[in-house]
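Below are the chains, spelled out letter by letter.
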Amino acid sequence: MKIPRTTLCYISDGNEWLFIHKKRKNDPNKDKYLGIGGHIEEGETNEECIVREIYEETGIIARESLSNLNQLGVVNFYSDKYGYEEMNVFSADFKGERKQIISECNEGELKWIDKKEAYNLPIWEGDKLIFDMLLEGTKFEMTLCYEGEKLMSKEIKKL
């Protein structure tokens, strides 16, 4: 069985991160806020995927409007309801003009959110642990196990 692999990027502009508020029906992330990203396609590297996904979801051309695009971690996400997924987590700094960003894509609405307020959004509980690593600038490996939407166990290894 092929393991689903995805990318996820938290784009910073000062004290804010860019989130997508998911709106698609039948999406396990519906009504949640997520960083920008998506599924890695056949033959695509993590970096190629995140550059493509950033453009598709925001209109941002990574090589022109982002600096410090780096993979900070890997999250092994296990769920009794949604299965297994390997998420490759990136961070980047926005250096463009916000007016170039599309406000809505077919997956939801894009919003800049204060980093401290992000903890209070409707998110996966484990995302708070990812935020902690991002704010520390720490590379990591993480395993998150869910029953439904409840985080049952976690393992974090700082690298």
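Here, the structure is the one placed above.
Residues numbered from 1 in each chain as written. Predicted model: local features only at pLDDT ≥ 70, side-chain atom pairs only at ≥ 80, totals over all residues. Heavy atoms only, no water.

Student: Can you lay out helix H1 (residues 46-58) for me, pointing to particular residues and giving the numbers?
Tutor: Because an α-helix completes one turn every 3.6 residues, residues spaced three or four positions apart along the sequence face the same direction. An ideal rise of 1.5 Å per residue puts 18 Å on 13 residues; H1 measures up with 18 Å between its terminal C-alpha atoms. One or two residues past the end of H1 sits Gly59, with phi positive at roughly 85°. (Helix = DSSP H or I, 4+ residues; strand = E, 2+ residues; numbered from the N terminus. Expected span 1.5 Å × (residues − 1).)

Student: Give a description of the packing of aromatic side chains that names residues and reports values.
Tutor: Per the stated rule, a full pass over the model turns up 14 aromatic pairs. Ring plane angle 90° and centroid distance 5.9 Å describe the contact between Tyr82 and Trp124, whose orientation is recorded as edge-to-face. On the criterion of sequence distance, the pair formed by Tyr82 in the loop between strand E5 (66-79) and strand E6 (83-94) and Trp124 in the loop between strand E8 (108-114) and helix H3 (127-136) is long-range, its members being 42 residues apart. For Tyr82, a relative accessible area of 31% puts it in the partly exposed group. (Phe/Tyr/Trp six-rings, centres within 6.5 Å; stacked < 30°, edge-to-face > 60°. Buried < 20%, exposed > 50% of the residue type's maximum accessible area, 1.4 Å probe, protein only.)

Student: Please set out the pairing of strand E10 (residues 150-158) residue by residue, giving values where relevant.
Tutor: Note that strand E9 (residues 140-147) and E10 share eight bridges and pair antiparallel. In the strand pairing of E10, Glu147 is matched with Lys150. Taken together, E9 and the strand that follows it, E10, pair antiparallel across an intervening segment of two residues, in which Gly148 is found at a positive phi of about 60°. (Pairing = 2+ DSSP bridges.)

Student: Describe in detail the environment of Thr7, supporting the description with residues and values.
Tutor: Relative to the assigned elements, Thr7 resides in strand E1 (residues 5-13). Spatially, the C-alpha atoms of Thr7 and Met87 are 5.4 Å apart, while their sequence positions differ by 80 residues. Excluding its chain neighbours within four sequence positions, the residues that come into contact with Thr7 are Ile36, Gly37, Gly38, Ile40, Asn46, Cys49, Ile50, Glu53, Asn88 and Phe90. (Contact = heavy atoms within 4.5 Å.)

Student: Go over the environment of Ile102 with me, naming the residues and quoting the values.
Tutor: In this fold, Ile102 is placed in the loop between E6 and strand E7 (104-105). Judged by its relative accessible area of 34%, Ile102 falls in the partly exposed class. The spatial distance from the C-alpha of Ile102 to the C-alpha of Tyr10 is 16 Å, given a sequence separation of 92 residues. Excluding anything up to four places from it in sequence, Ile102 contacts Glu56, Glu57, Thr58, Gly59 and Leu110.

Student: Describe the nonpolar core, with residues and values.
Tutor: Formed by 44 residues in total, the largest nonpolar core has its most connected members in Tyr10, Ile11 and Phe19. Beyond its immediate chain neighbours, meaning those up to four positions away, Phe19 contacts Tyr10, Tyr33, Leu34, Gly35, Ile36, Glu109, Leu110, Lys111, Ile113, Ala118, Leu121 and Phe131. (Core = buried A, V, L, I, M, F, W, Y, C linked by side-chain atoms within 4.5 Å.)

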